[in-house]
There are 6 protein chains.
Amino acid sequence: MTTQLPRPDLEADARVKAVFDDIRKTRGTDFINNMWRWLALDPGLLERTWTEVKEVVSTPSSIDPLTKEMIYIAVSVANNCTYCIHSHTAAARAKGMTGEQYGELLAIIGLAGKTNQLATALQVPVDDAFDASKPGQ
Amino acid sequence: MTTQLPRPDLEADARVKAVFDDIRKTRGTDFINNMWRWLALDPGLLERTWTEVKEVVSTPSSIDPLTKEMIYIAVSVANNCTYCIHSHTAAARAKGMTGEQYGELLAIIGLAGKTNQLATALQVPVDDAFDASKPGQ
Amino acid sequence: MTTQLPRPDLEADARVKAVFDDIRKTRGTDFINNMWRWLALDPGLLERTWTEVKEVVSTPSSIDPLTKEMIYIAVSVANNCTYCIHSHTAAARAKGMTGEQYGELLAIIGLAGKTNQLATALQVPVDDAFDASKPGQ
Amino acid sequence: MTTQLPRPDLEADARVKAVFDDIRKTRGTDFINNMWRWLALDPGLLERTWTEVKEVVSTPSSIDPLTKEMIYIAVSVANNCTYCIHSHTAAARAKGMTGEQYGELLAIIGLAGKTNQLATALQVPVDDAFDASKPGQ
Amino acid sequence: MTTQLPRPDLEADARVKAVFDDIRKTRGTDFINNMWRWLALDPGLLERTWTEVKEVVSTPSSIDPLTKEMIYIAVSVANNCTYCIHSHTAAARAKGMTGEQYGELLAIIGLAGKTNQLATALQVPVDDAFDASKPGQ
Amino acid sequence: MTTQLPRPDLEADARVKAVFDDIRKTRGTDFINNMWRWLALDPGLLERTWTEVKEVVSTPSSIDPLTKEMIYIAVSVANNCTYCIHSHTAAARAKGMTGEQYGELLAIIGLAGKTNQLATALQVPVDDAFDASKPGQ
């Protein structure tokens, strides 16, 4: 099911083709996953999204590539994005996530889901020690 | 604001005291943050939650302690738990998160929030390559 | 903080006054909590919402009044509605929720928060036995 | 679709077999639903989750078994967990939920979804009467 | 997959038939989409929901019909309601949403998803200028 | 409460100053709201976010400025972003949203919150007529 099928000739649009070419080059593969094919319905949206993904996820930085993918999985699970859970779990495995790490990632996500609900249900007041606007923090 | 204030004499309950003592010992500090003081309204819930936090977060494992905290922040943001965002951001800093890493963590969480919504809005079909139930995966 | 303050003379509007009078009569108290005072900015919205609350929550039915409030708390926690968590926790207490029941309610909400995330993270397929569209169910 | 298929020989792992045996014994059935088979990828996570479910859901307590399932459904709907909605709706029926009760449960969940959004949109201030940290509450 | 199939003879119930007849008349079509057929399990819930949809969505008002559908899509995406995303995207197209508008709607929803997470992660304090309870606003 | 206070001399950073200057110029006001001051902790994140907001929200397009703000409010409510609800409600008023329109916007958001939960609870199957991947659509 989907709300709109991509046109058959997506790369006939020069802006779409330029993004797809850059995805292929950056990732070193001919595979363009569905997310990009669907975003192509609006070339500006496609360009902005890819530029941001490339800058935030694909560029070496102070957080290592596997950790980035695990964080991405965590957000996607909490936001309940089926597509994103599948694509980033596959990406994390491609970047070396072991079965043991996957199990631990799940354990953290599950535990956070639990304590998030508990703190919210009780409306636990934030300790002064955790509030950057309080003197002395 | 809160839905229930903790009793003044929490540690008069032996089960609560045992958990608090273990928190102090495990973390090497006398500080018991509000989450535990609020959960003490149900000693069984307090015990189970602390046992799980200790096992999942405080025990050395295949995911390093700072990464665990960043994953915890990511889930807490997506689930919108004010208390948990504050407590785990403080914990991540205590475990060495730099300003640069914090900025990048925010960038990943924000980007995931965006692509989560886009994939959901378009109901993008999951690629066969990402689906473990498909032959060849 | 709020996005709009109620007008000082809310009950000068006949439709608002009629709803407030019915709330007072139905609940047997002069106290009109803020939710209704805020909804009064749109009398039609106020009327429709009160009519529905009265029919669904205040009318005796096959689910007892305390259980209704506990279900309302559960949804409000998962949806993270601060106001609703406070108002329905107070309502549940007024309808007899004991401290023991509150602790158990929290335990269920927390556990559900955890298993919800786990099932979503793993994209666990629904068993045929749980799917009403499958033959034999 | 799923992110990982269970190994074919799950019960070759002694820890997994012990949990599965306890599920069968506690529930009085040979049916092990998919949730447990998927969690078996991490025996520690499986053990902790089952222990908690057994203690919170399967043990007689101050909230009756059917009410527990209805609360579980409510959280699962608000958290949008497809698997959990199916499994707990089936469990509630098995514990005696009538068609009338199901309709009323849906009515409460739907109404809460509505008033949750309204209170959040208006940022309605919590009444002092609902705040346990206010004097006199 | 579904949690309950509609009975085959839905319109044998006079209350259900009355609602379905009004849907057909109001919309000028014989097509009754699944949402209404599923809600028919509780005629009161069906009646209340249709009455509200008719009043809020189908009646001419100060927000034009297409904008209403775009707002409905936005909420449904953020709440992750698969059915609602599909039905309201189809409705928006039927009311004239162009491809360009759809792309822009997606861009706004995606951007909001991002800035929502960022403001929440940082717990950015609300400016006095945005708070209606502050003097001078 | 916040997780990090902005440095006092934000505009000493040339990249931050350039963004703030562009915000002032684009909006025709000296007021820089907190969101931007907080994002300044990571100049790259600030630049990317502002560029996107400017392009998606501030540039004339096929969706009028007030409708954009109402869509933004709708997403922010469903995602429960306190800051964003306040800032975009203020922005919608500045762009001409009347009290009547605000009431109707709330009515749509509330109704969508309700029907979203109902469709999710029942797992209503998507009609073929709404699915763009089905033949004939």
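Everything numeric in this text was worked out from a predicted model, so none of it was measured. (Residues numbered from 1 in each chain as written. Chains lettered and ligands numbered in written order. Predicted model: local features only at pLDDT ≥ 70, side-chain atom pairs only at ≥ 80, totals over all residues.)

Counting secondary structure elements, chain A contains six helices and zero strands. In sequence order, the secondary structure elements of chain A are arranged as α-α-α-α-α-α. Along the three orthogonal principal directions, the C-alpha set of chain A runs to about 55 × 35 × 35 Å. For chain A, with 137 residues in total, the buried portion stands at 54%. For chain A, long-range pairs separated by at least 24 residues make up 52% of all intrachain contacts whose partners lie at least 6 apart in sequence. (Helix = DSSP H or I, 4+ residues; strand = E, 2+ residues; numbered from the N terminus. Buried ≥ 20, exposed ≤ 12 C-beta atoms within 10 Å, placed from the backbone. Contact = placed C-beta atoms within 7 Å.)

All names here are of chain C. Running from N to C, helix α4 (residues 65-78) and helix α5 (residues 82-94) cross one another at 160°; their axes reach a closest spacing of 9 Å. Here α4 is positioned roughly antiparallel relative to α5, judged by the angle of their axes. The two elements α4 and α5 meet at a crossing, and its hand is left-handed. Here Leu66, Glu69, Met70, Tyr72, Ile73, Ser76 and Val77 of α4 lie close against α5, whose contacting residues are Cys84, Ile85, His88, Thr89, Ala91 and Ala92. (Axes fitted to C-alpha atoms, helices over the stretch in contact; angles between N-to-C directions. Parallel < 35°, antiparallel > 145°, perpendicular 65-115°, else oblique. Left-handed = near helix turned anticlockwise from the far one by under 90°.)

The figure often quoted for interface size is the accessible area lost as the parts come together. Contacts between the two partners involve eleven residues from chain F, matched on the other side by eleven residues from chain A. Along the lines of polarity and charge, the residues of the side of chain F that touches chain A split into four nonpolar, four polar and three charged. (Nonpolar A, V, L, I, M, F, W, Y, C, P; charged D, E, K, R; others polar.)

Residue-level contacts link 59 residues of chain B with 59 residues of chain A. Elements supplying a minimum of two residues to the side of chain B that touches chain A: α2 (34-39), α3 (43-58), α4 (65-79), α5 (82-94) and α6 (99-122) of chain B. For the side of chain B that touches chain A, the leading source of residues is α6 of chain B, giving 16 residues. When grouped by side-chain class, the residues that make up the side of chain B that touches chain A number 32 nonpolar, 21 polar and six charged.

What follows concerns the domain arrangement of chain A. In terms of domain boundaries, chain A breaks down into domain 1 (10-59) and domain 2 (62-123). Centre-to-centre, using C-alpha coordinates, domain 1 of chain A lies 24 Å away from domain 2 of chain A. (Domains from an automatic or database assignment.)

Of the transformation placing chain B onto chain A, the axial shift is 0.0 Å and the rotation is 180°, giving an RMSD of 0.0 Å. As the rotation angle and translation indicate, the two copies are arranged about a two-fold axis. When the interface residues of chain B are mapped onto chain A, 100% of them are again interface residues, pointing to one common binding face. (Least-squares fit on C-alpha atoms with pLDDT ≥ 70 in both.)

Our next topic: the nonpolar core. Ala74 of chain A, Ala74 of chain B, Ala74 of chain C, Ala74 of chain D, Ala74 of chain E together with Ala74 of chain F are the most contacted members of the largest nonpolar core, which totals 276 residues. Those residues within four positions of Ala74 of chain E in sequence are excluded, and the remaining contacts are Ile109 of chain E together with Ile71, Ala74 and Val75 of chain F. (Core = buried A, V, L, I, M, F, W, Y, C linked by C-beta atoms within 7 Å.)

In this section: helix α3 (residues 43-58) of chain F. Those residues of α3 of chain F that sit buried are Leu45, Leu46, Arg48, Thr49, Trp50, Glu52, Val56 and Val57 of chain F. Turning to α3 of chain F, the residues buried within the fold contact α3 (43-58) of chain A, α6 of chain B, α6 (99-122) of chain E together with α1 (14-27), α2 (34-39) and α4 (65-78) of chain F.

It is worth spelling out the relation of the copies chain F and chain A at this point. Once chain F is rotated about the relating axis by 180° and shifted along it by 0.0 Å, it coincides with chain A to within an RMSD of 0.0 Å. Both copies contact each other with a shared surface, as 100% of the interface residues of chain F are interface residues in chain A too.

The subject of this paragraph is the environment of Ala107 of chain B. All names here are of chain B. Of note, Ala107 is situated in helix α6. By C-beta crowding, Ala107 is classed as buried, having 24 other C-beta atoms within 10 Å. As for Ala107 and Thr3, which are separated by 104 residues in sequence, their C-alpha atoms are 34 Å apart.

As a further point, take the packing of helix α1 (residues 14-27) of chain A against α3 of chain A. All names here are of chain A. The interhelical angle for the contact between α1 and α3, taken along N-to-C directions, is 20°, at an axis separation of 9 Å. By the angle between their axes, α1 is roughly parallel relative to α3. For the pair α1 and α3, the sense of crossing is left-handed. Counted together, Arg15, Val16, Val19, Asp22, Ile23 and Thr26 of α1 and Pro43, Leu46, Glu47, Trp50, Lys54 and Ser58 of α3 form the full contact between these two elements. Here the residues of the contact of α1 with α3 sort into six nonpolar, two polar and four charged.

With 99% of its residues at a pLDDT of 70 or more, chain A has an overall mean of 96. Per the prediction output, this complex has pTM 0.98; the corresponding ipTM is 0.96. (pLDDT = per-residue confidence, 0-100.)

Glycine aside, the phi torsion of most residues is negative, and most peptide linkages are trans. The phi dihedral of Asn80 of chain B is positive, around 65°, even though this residue is not glycine. Positionally, Asn80 of chain B belongs in the loop between α4 and α5.

Moving on, we get to the environment of Leu122 of chain D. Assignment of secondary structure puts Leu122 of chain D in helix α6 (residues 99-122). Among the residues examined, Leu122 of chain D registers 24 C-beta atoms within 10 Å and is labelled buried. Leu122 of chain D has contacts with Thr2, Thr3, Gln4 and Trp38 of chain C, leaving out every residue within four places of it along the chain.

For the α-helix, the turn length of 3.6 residues means that residues three or four positions removed from each other point alike. For helix α5 (residues 82-94) of chain F, spanning 13 residues, the distance from its first C-alpha to its last is 19 Å, which sits close to the expected 18 Å at 1.5 Å a residue. In terms of burial, α5 of chain F is a largely internal element, eleven of the 13 residues being buried. The secondary structure elements touched by the buried residues of α5 of chain F are α6 of chain D, α6 of chain E together with α2 and α4 of chain F. Positive backbone phi, approximately 105°, marks Gly96 of chain F, located one or two places after α5 of chain F. (Expected span 1.5 Å × (residues − 1).)

Time to look at the environment of Leu66 of chain A. All names here are of chain A. Secondary-structure assignment places Leu66 in helix α4 (residues 65-78). In the structure, Leu66 is positioned 31 residues away from Met97 in sequence and 6.9 Å away in space, judged by C-alpha atoms. The residues contacting Leu66, other than those within four sequence positions of it, are Ala92, Lys95, Gly96 and Met97.

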